[in-house]
Amino acid sequence: MENPANIPEKLFKPYSAAGTEGRIYKLWEKSGFFNPDTCIEKGHTKPDAESFSIIMPPTNANGSLHAGHGLVMTLEDIMVRYKRMQGYKTLWLPGLDHAGFETQVVYEKKLEKEDRSRFDMSHEELYKEILDFTLTNSTNIKSQIRSMGASCDWSREKFTLDPDIVTTVYSTFKKLSEDKLLYRGKRIISWCPKHQTSFSDLEIADEERMDPLYYLKYGPFVIATVRPETKFGDKYVVMHPLDPRYSEYANGQKIDLEWINGPITATIIKDDSIDMEFGTGVMTITPWHDAADFAIAERHKLDKEQIIDEKGKLLPIAGEFSGMHISKARKLIVEKLQTKGLVEKIDDKYKHVVRTCYKCGTLIEPQIKSQWFVKMKPLAERALEKINADEINYIPEQYKKITTYWLENIIDWNISRQIVWGIPIPAKICDSCEEGFVDLDNTQTTCTTCGKELRQDTDTFDTWFSSSQWPFAALGYPESPDFKNYYSTDVLETAGEIIFFWVSRMIMLGLYVTGEIPFETVYLHGLVLDAKGQKMSKSKGNVINPLDLTSKYGTDAFRIGMVVGNTPGTSLALAEDRIRGYSKFANKMWNVTRFVLENTYDLPTDEKVTLDAADQKSLDELYALIKEITVEMDEYKFYIVAEKLYHHFWHSFADVIIERSKTKITAGGDAKRSAQALLREELNILIRALHPFMPFVTEEIWSMIDRSETPLMVSSWPQA
RNA sequence: GCGCGAUUAGCUCAGUUGGUAGAGCAACUCAUUUACACUGAGAAGGUCGCAGGUUCGAGUCCUGCAUCGCGCACCA
């Protein structure tokens, strides 16, 4: 076959993503250009260039890439490649997360299958097994991140359990303690009876349920409750001080009455948190197992008594029901109350909200426990100042409102978890007076309050406590040059779902420790849903594995398919058609390249060509487009840039300009040269502009159209 | 209960400061040997959730309502 243009053989076949992507990624890695220092050494970035940095949300080391990750990697890589091409000193720092609770749950399931249980293992044994498990699996996720084309600097990769990270987390813990922002409190916490650990308020899911509401005779009163099984210890009866129905009773007044297990003496409490409209306007309280009741008990300094143990079984106070699981006990207790004539009525269509473990759906059983808490108000106030001064740019903007509302109403953060897999809390506990002492150097042995012997705290930190320090910890705060060069980072890109869990807490802790905001822009993407707009879940069987799509249609097709029309914050329905369409686009680019090479080889690259009017107009339009999209890139409107580039490439360049060039090339002379020059320029500019979106196919094409031997990833973003 | 968001073509969604509605996919009609069938040309498809209001002019601004989704909340 004739081939005067000396066109590579592969260009005569359809574009093969599978035959290209792995090779290109290796080439990039070998070049070292993911590392900004190399870009400077080799002269692609000026040493005094402005920096641009993104810290990759640490990926669960033990996990597998899901559709949401696919979007994270795509969006962040687009930003990073764009800035790198523009000459910024660009760092994208990858990291892995030990993902404390999440990983422990996965491991527990594995143990269960093997007929083992974590409760039969020592701390050390379990920790070591999970560590091995995690480290073994971590190569998997890393190769999946690579397959997405992520141009992150692997030489700077961090893991949340790296010793230097742990050191930073410990020093923050100590600083909080010294600044009196940390306390060990015996307070009501959310407890999951299945997982045997406490949670912060964020790990709790609300669920609307229909349950019977029992109206029980309590001496002269009638009280309404959905949880008769907690009522054994109720010896306080509470009503509103202004409720005329109960004006004859005084605060503190004692009354004798017959209750579940016999006669008791109850005390009347008047508290204005009581809603006079609800039920009878009277309730009894269970301070050990209800946050609202706990608050009332605190206000009036009332006794608190534990009724239910950590596994959800009734304690001896329940008399004949002692040792019984609450799920079984309720029915029997109601029966007994009925026998005693203490049930006034049952409203069996009562709609209310229960709190469940976000992971297993088990009903949360509030318990009073000694735990470490961070005082959040002072931290939140500093964050609010910065946010209200617009020092942090939220995309989309509505997240600013959501964040400020949360910060204004923040409650203290319980950072203790009763799980093994995590960063151990460096503290000593006095079991006798329930004091806790921060002890990084492991030197304190006796309680300074009561003199008794201390034990090591066996709890670990909430994973989010360490990941909230990630931007500065991963950059080597406080001494590393990277910290000085790249903090504050430019963009934090993650799922809108973790706005409170992670983003807001990073702002607070970043500000607290370093005095600076951790990032200037927060870009939050929405959920990735299935083709029908349903949330993906294993139980529904509608989970789309991004790697199936990339292996079928190519990573480039997947990437641009994820981006086009996907506005920040809005959830995306991931339909296969969507991705398939863009695999055709990669092939279109491939064929266009062949046409351009075949038809321009005889035009010397250094020849000055004057374009004719029509061609000049086309070129002006292209420059106008580049100008527009450069602005839109800076505004993070990738969804529109991707669409415009796609549209221009296909429907202007291919359909109009190439078609027009055919007759001009046949005509020869100036018309031919004008057409040829335009073809070359269009292709050159569009391939560069498309690179952040479709890095593989563009890099491959670049190697055929550019003679400089500079990889496209460090070539320049087109100038308008 | 409070708050946030959504409601635009069959589907998924754009629509910047108000100026006669756009894209992709799907469906429809033609075209078929040189860049590309992973193609080209063309046509069709929407009283922009409903009701008011501001305006010369509203998908866009204001008010109310409806439906869906999501947060937050110590009414037992």
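Cut-off values and rules
Residues numbered from 1 in each chain as written. Chains lettered and ligands numbered in written order. Predicted model: local features only at pLDDT ≥ 70, side-chain atom pairs only at ≥ 80, totals over all residues. Heavy atoms only, no water. Patch = residues over 30% accessible without salt bridge, like charges linked within 9 Å, V, L, I, M, F, W, Y side chains within 5 Å. Areas by Shrake-Rupley, 256 points an atom, 1.4 Å probe, with all protein chains shown as cover. Salt bridge = Lys/Arg side-chain N within 4 Å of Asp/Glu carboxyl O. Lys, Arg positive; Asp, Glu negative; His and termini not counted. Charge placed at Lys NZ, Arg CZ, Asp CG, Glu CD. Helix = DSSP H or I, 4+ residues; strand = E, 2+ residues; numbered from the N terminus. Near = heavy atom within 4 Å. Polar contact = N/O pair within 3.5 Å; in protein donor to acceptor, adjacent residues only side chain to side chain. Nonpolar A, V, L, I, M, F, W, Y, C, P; charged D, E, K, R; others polar. Pairing = 2+ DSSP bridges. Core = buried A, V, L, I, M, F, W, Y, C linked by side-chain atoms within 4.5 Å. Buried < 20%, exposed > 50% of the residue type's maximum accessible area, 1.4 Å probe, protein only. Contact = heavy atoms within 4.5 Å. Expected span 1.5 Å × (residues − 1). Bend = angle between axes of the 7 residues up to and from the residue. Phe/Tyr/Trp six-rings, centres within 6.5 Å; stacked < 30°, edge-to-face > 60°. Lys NZ or Arg CZ within 6 Å of the ring centre and 35° of its normal. Right-handed = clockwise from strand over helix to strand, strands pointing away.

Participant: I'd like a rundown of a positive patch on the surface, residues and numbers included.
Facilitator: Residues K109, K113, K194 and K538 make up a contiguous surface patch of positive charge. The topology assignment puts K113 in helix 4 (residues 100–113).

Participant: Explain the protein's contact with RNA strand B to me, using residue names and the numbers behind them.
Facilitator: Around RNA strand B, the structure places 43 residues, and the nearest of them are D275, F278, T567, R594 and W650. Counting only the atoms of RNA strand B within 4 Å of the protein, the fraction contributed by sugar and phosphate is 60%. Between RNA strand B and the protein, one listed contact pairs a sugar or linking oxygen with a backbone N or O atom of A224 at 3.0 Å. The separation between a sugar or linking oxygen of RNA strand B and a polar side-chain atom of E643 is 3.4 Å. Only strand 9 (221–225), strand 14 (343–357), helix 10 (398–408), helix 17 (576–600) and helix 19 (638–667) provide two or more residues apiece to the surface near RNA strand B. For the surface near RNA strand B, the leading source of residues is helix 19, giving 12 residues. Of the residues in the surface near RNA strand B, the class split is 19 nonpolar, 11 polar and 13 charged.

Participant: Can you break down the sheet that holds strand 19 (residues 427–429) residue by residue, with the values?
Facilitator: Backbone hydrogen bonds hold the strands of a sheet together, and the pairing may be parallel or antiparallel. Strands sit in the order 20-19-21 across an open sheet of 3 strands; the sheet is antiparallel. Each edge of the open sheet is held by one strand with a lone partner, namely strand 20 (436–438) and strand 21 (455–456). Note that strand 19 and strand 21 share 2 bridges and pair antiparallel. Bridge pairing links K428 to Q456 in strand 21.

Participant: An account of the nonpolar core is needed here, citing residue identities and associated values.
Facilitator: Membership of the largest hydrophobic core comes to 172 residues, with the highest contact counts inside it found for F173, F465, L574, F638, F653 and F693. Excluding residues that lie within four positions of it along the chain, F638 makes contacts with L75, I78, M79, Y523, V563, M633 and F693.

Participant: Which residues make up helix 5 (residues 123–147), and what values go with them?
Facilitator: It helps to recall that an α-helix has 3.6 residues per turn; residues three or four apart then point in one direction. Its 25 residues place the ends of helix 5 36 Å apart at the C-alpha level, agreeing with the 36 Å of an ideal helix rising 1.5 Å per residue. Helix geometry: helix 5 is bent most strongly at N137, by close to 30 degrees. Of all the positions in helix 5, only L126, I130, F133, T134, S138, I141, K142, Q144 and I145 are classed as buried. With its phi angle positive at about 90 degrees, G149 sits one or two positions after the end of helix 5.

Participant: Could you give me a rundown of the packing of aromatic side chains, with the residues and numbers involved?
Facilitator: The tally for this structure, following the rule as stated, stands at 36 aromatic pairs. By way of ring pairs, the aromatic residues Y170, F173, W372, W413, F461 and F465 are connected into one cluster. The residue whose ring lies beneath R81 is W28, and the NZ or CZ to ring-centre distance is 4.1 Å. Positioned above the aromatic ring of F119, the side-chain terminus of K311 is 5.6 Å from the ring centre.

Participant: Residues and numbers for the pairing of strand 1 (residues 51–55), please.
Facilitator: Of all 5 residues that make up strand 1, 4 are buried, and the element is covered over most of its length. Two strands pair when backbone bridges link them, and strand 1 and strand 3 (residues 89–93) are joined in this way by 5 bridges, in the parallel orientation. If you follow I54 over to strand 3, its bridge partner there is W92.

Participant: Give a description of the pairing of strand 23 (residues 489–495) that names residues and reports values.
Facilitator: The buried fraction of strand 23 amounts to 7 of the 7 residues, a majority that puts the element mostly inside the structure. For strand 23 and strand 24 (residues 519–525), the ladder comprises 6 bridges, and the chain directions are parallel. Counterpart to V491 in the pairing with strand 24 is T521. Handedness of the crossover is the feature at issue here: the chain leaves strand 23, passes through helix 14 (residues 499–514), returns alongside strand 24, and the resulting connection is right-handed.

Participant: Describe the sheet that holds strand 7 (residues 197–199), listing the residues and the values that go with them.
Facilitator: An order of 7-6-15-17 is seen for the 4 strands of this open sheet, with the pairing classed as antiparallel. Each of the sheet's edge strands pairs with one partner strand only, and the pair in question is strand 7 and strand 17 (413–414). Across 2 bridges, the pairing between strand 15 (residues 367–374) and strand 17 is antiparallel. Across the sheet, the residue bridging to V374 is W413, located in strand 17.

Participant: Could you give me a rundown of unusual backbone geometry, with the residues and numbers involved?
Facilitator: Following I395, the chain continues to P396 via a peptide bond in cis, the omega torsion being -10 degrees. Cis geometry marks the peptide bond from Y487 to S488, where omega comes out at -5 degrees. For S488, the position within the fold is in the loop between helix 13 (481–486) and strand 23. Backbone geometry at Q196 places phi at a positive 60 degrees, although glycine is not the residue there. For Q196, the position within the fold is in the loop between strand 6 (182–192) and strand 7. Using a relative accessible area of 12% as the deciding quantity, one classes Q196 as buried. The phi torsion at K301 lies on the positive side, around 55 degrees, for a residue other than glycine. Looking at the secondary structure, you find K301 in the loop between helix 7 (291–300) and helix 8 (326–339).

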